[in-house]
Amino acid sequence: MDPSYTKSYYMDNQNHPILVSKIGIIGAGVSGIAAAKQLSHHNPIVFEASDSIGGVWSHCSYNSTKLQSHRRDYEFTDFPWPHRDNPDFPTHLEILSYLHSYAHHFDVLKNIRFNSKVVEIRFSGNREVTGFSSLLPGKPVWEVAVQTNHSDTIQWYGFEFVVVCIGKYGDTPKIPSFPQKKGPQIFKGKVMHSLDYCKLDQEAATELLKGKKVVVVGFKKSALDLAMECAQANQGAEGQACTMVVRTLHWTVPHYWIWGLPFFMFFSTRSSQFIHERPDQGLLRTLFCLMLSPLRRGISKFIESYLLWKLPLEKYGLKPEHPFVEDYASCQMAIMPENFFSEAEKGKIVFKKASKWCFWNGGIEFEDNTKLNADVVILATGFDGKKKLKTILPEPFCSLLEYSSGIMPLYRGTIHPLIPNMAFVGFVESVSNLHSSEIRSMWLSGLVDDKFKLPSVESMLSQTAKEIEVMKRSTRFYKRHCISTYSINHSDEICKDLGWSSWRKKNWLSEVFGPYSIEDYAKED
């Protein structure tokens, strides 16, 4: 045991030795290293199941994966990208290099224990006494079981506060359910989830795809990238087409310009957020937002008109029925891979819309009884982040993870009002998930250091309920738990808790109409 982390020892009721420290952090992805940096003065222990930091950037990226947002929107406030001539949309390897540089610069790696998988968490405190009245009560509240280097030995740790940063993606695949005898087991070809594909190097990926009849299930970013890699591996007359099975259509964009205007002007300025509803808005703002609803719909139509002009969505039957703003409100807007439709024109990528499908021994069978031959089926069907949590979190807390709405209620996107001495960073999506994780980690550090107090449990639950209702009214895909339409207001509330104020720029036009960033905030003396 590392004595630098040891405060004391005690025995649990099964007579297991438990190492005690103030704060434990689970996961060393973007959220985990952000939390570790902000809480570094408490010398936290960070458990990372793999051998590297970076989360999905390290373990769930394809060879062609690039950042979806502009580089300037994916940058820590106190650590700029080392080279300003880096591409605007860095590759996953460049992002990993940036994250490693950040971790080295702030000496975060000393706190991380790699190849350390959390397999169980137990509550040892008193819910009535602990609550959130004292985040560091001076004795362990959570007991965390850790399996190291895939061994059979379990080490128990005790913490006064635990920060969960395992995120919603990258570990637990979401697999569709199938009728009996119509699942993957009857298929004679190869079936894998995109998570398994991510583990292949470029040579193995090319070997898997080249000359094969590949079916990719899905139409979000991972599926689009997969289809593109398949098309590139099948160039030439001998190459096979990749078929995308599309269940739900979503809007894609070719770049961040709309009819010559930068995309941020439509959604990412303070003025643009006036057209969207936000939690706790007063009567005047509610009326103002109602009056501006035609403008909100008009902006969505304006963007859609450009996308339909720029991309052959109607030609291939890929025009979504819902408005663009609903995909933005649910953080589902994806950048279309370059030359994607050029490959479709060549017949290397084809599309099949189907809400239901299953397997037969030769491939995929659809609800209209038509069949599609396949050698390889790749399920780009997403991940089940809550399932990850439910495997380690005990009852009754496991049952508290979500409302009937399917959304986990998190105050300030971080604290579950009914789960004491625990925080969740990286579970609520926004315009820039790195910025969201950083500012929430700053907020969490202030909370742990007693710089401000939480409101009552009732008040926190009321606030989360209001946010969920706003999401429901903004998009039919609200279960993704995205706050993009009121992200500036969200950051304002966090900064208000911390005693910060919005940084007033010299040019008020930039304040109102310029791109918003977390760097627009400054700490008050």
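Our subject is the structure that appears above.
As the structure is a prediction and not an experimental result, all values here were calculated from the model.

(A) Highlighting the pairing of strand β17 (residues 363-366). Both strand β16 (residues 357-360) and β17 contribute to a ladder of 4 bridges, which runs antiparallel. If you follow Cys358 over to β17, its bridge partner there is Glu365. Connecting the antiparallel pair β16 and β17 is a turn made up of 2 residues. Note: β17 against strand β18 (residues 371-373), 3 bridges, orientation antiparallel. In the sheet register, Ile364 faces β18, and the bridge partner there is Leu372.

(B) Fine view of the sheet that holds β16. The sheet built from 3 strands is open, its strands ordered β16-β17-β18 with antiparallel pairing. The sheet terminates laterally at β16 and β18, the two strands that pair on one side only. With strand direction ignored, the average angle separating the axes of adjacent strands in the sheet is 30 degrees.

(C) Local environment of a nonpolar patch on the surface. Where nonpolar side chains cluster on the molecular surface, the patch consists of Trp259, Leu261, Met265, Phe302 and Trp309 and spans about 510 Å² of accessible area. Mapped onto the secondary structure, Phe302 falls in helix α10 (residues 293-310). Overall, the relative accessible area of 32% leaves Phe302 in the partly exposed class.

(D) The arrangement of the state of the cysteines in detail. What the rule picks out here adds up to 1 disulfide. The disulfide bridge from Cys331 ends at Cys482, spanning 1.9 Å between sulfur atoms. Looking down the S-S bond of the Cys331 and Cys482 bridge, the torsion is 60 degrees, so its handedness is right-handed. You can see Cys331 sitting in the loop between α11 (324-329) and β14 (334-335) and its partner Cys482 sitting in the loop between α15 (457-474) and α16 (487-498), a full 151 residues away along the chain. Taken individually, Cys331 and Cys482 each receive the classification buried, so the pair is uniform in this respect. With no disulfide of its own, Cys289 lies 16 Å from the sulfur of Cys482, the closest cysteine sulfur.

(E) Examining the layout of surface pockets more closely. The computed volume of the second largest pocket comes to approximately 350 Å³. His276, Ser293, Arg296, Arg473 and Ser474 are the residues nearest the centre of the second largest pocket, which is lined by 19 residues in total. With 6 residues, α10 is the largest single contributor of residues to the lining of the second largest pocket. A class-by-class count of the residues in the lining of the second largest pocket yields 5 nonpolar, 7 polar and 7 charged.

(F) Spotlight on the packing of aromatic side chains. All told, the structure shown has 40 aromatic pairs when counted by the stated rule. Taken together, Phe89, Tyr256, Phe263, Phe266, Phe267, Phe302, Phe324 and Tyr328 form an aromatic cluster joined through their ring pairs. Here the basic side chain of Arg122 rests over the ring of Trp156, its NZ or CZ set 3.7 Å away from the ring centre. Here the guanidinium or amino end of Lys371 rests over the ring plane of Trp360, the centre of that ring lying 4.7 Å away.

(G) Region of interest: unusual backbone geometry. Each neighbour pair has its own omega, and for Glu395 with Pro396 the value is 5 degrees, a cis peptide bond. Positionally, Pro396 belongs in the loop between α13 (385-392) and β20 (422-424). In this structure, His150 is a non-glycine residue whose phi angle is positive, near 60 degrees. Its location among the elements puts His150 in the loop between β6 (142-148) and β7 (154-164). On the basis of relative accessibility, which here comes to 73%, the residue His150 falls in the exposed class.

Criteria and cut-off values
Residues numbered from 1 in each chain as written. Predicted model: local features only at pLDDT ≥ 70, side-chain atom pairs only at ≥ 80, totals over all residues. Heavy atoms only, no water. Pairing = 2+ DSSP bridges. Helix = DSSP H or I, 4+ residues; strand = E, 2+ residues; numbered from the N terminus. Axes fitted to C-alpha atoms, helices over the stretch in contact; angles between N-to-C directions. Patch = residues over 30% accessible without salt bridge, like charges linked within 9 Å, V, L, I, M, F, W, Y side chains within 5 Å. Areas by Shrake-Rupley, 256 points an atom, 1.4 Å probe, with all protein chains shown as cover. Salt bridge = Lys/Arg side-chain N within 4 Å of Asp/Glu carboxyl O. Buried < 20%, exposed > 50% of the residue type's maximum accessible area, 1.4 Å probe, protein only. Disulfide = S-S within 2.5 Å. 1 Å grid on protein atoms, 1.4 Å probe; cavity = no way out; pocket = protein on both sides within 12 Å on 5 of 7 lines; lining within 4 Å. Points joined across faces, edges and corners; volume = space filled by probe spheres on them. Nonpolar A, V, L, I, M, F, W, Y, C, P; charged D, E, K, R; others polar. Phe/Tyr/Trp six-rings, centres within 6.5 Å; stacked < 30°, edge-to-face > 60°. Lys NZ or Arg CZ within 6 Å of the ring centre and 35° of its normal.

Purely geometric stuff here, so don't read any function into it on its own.
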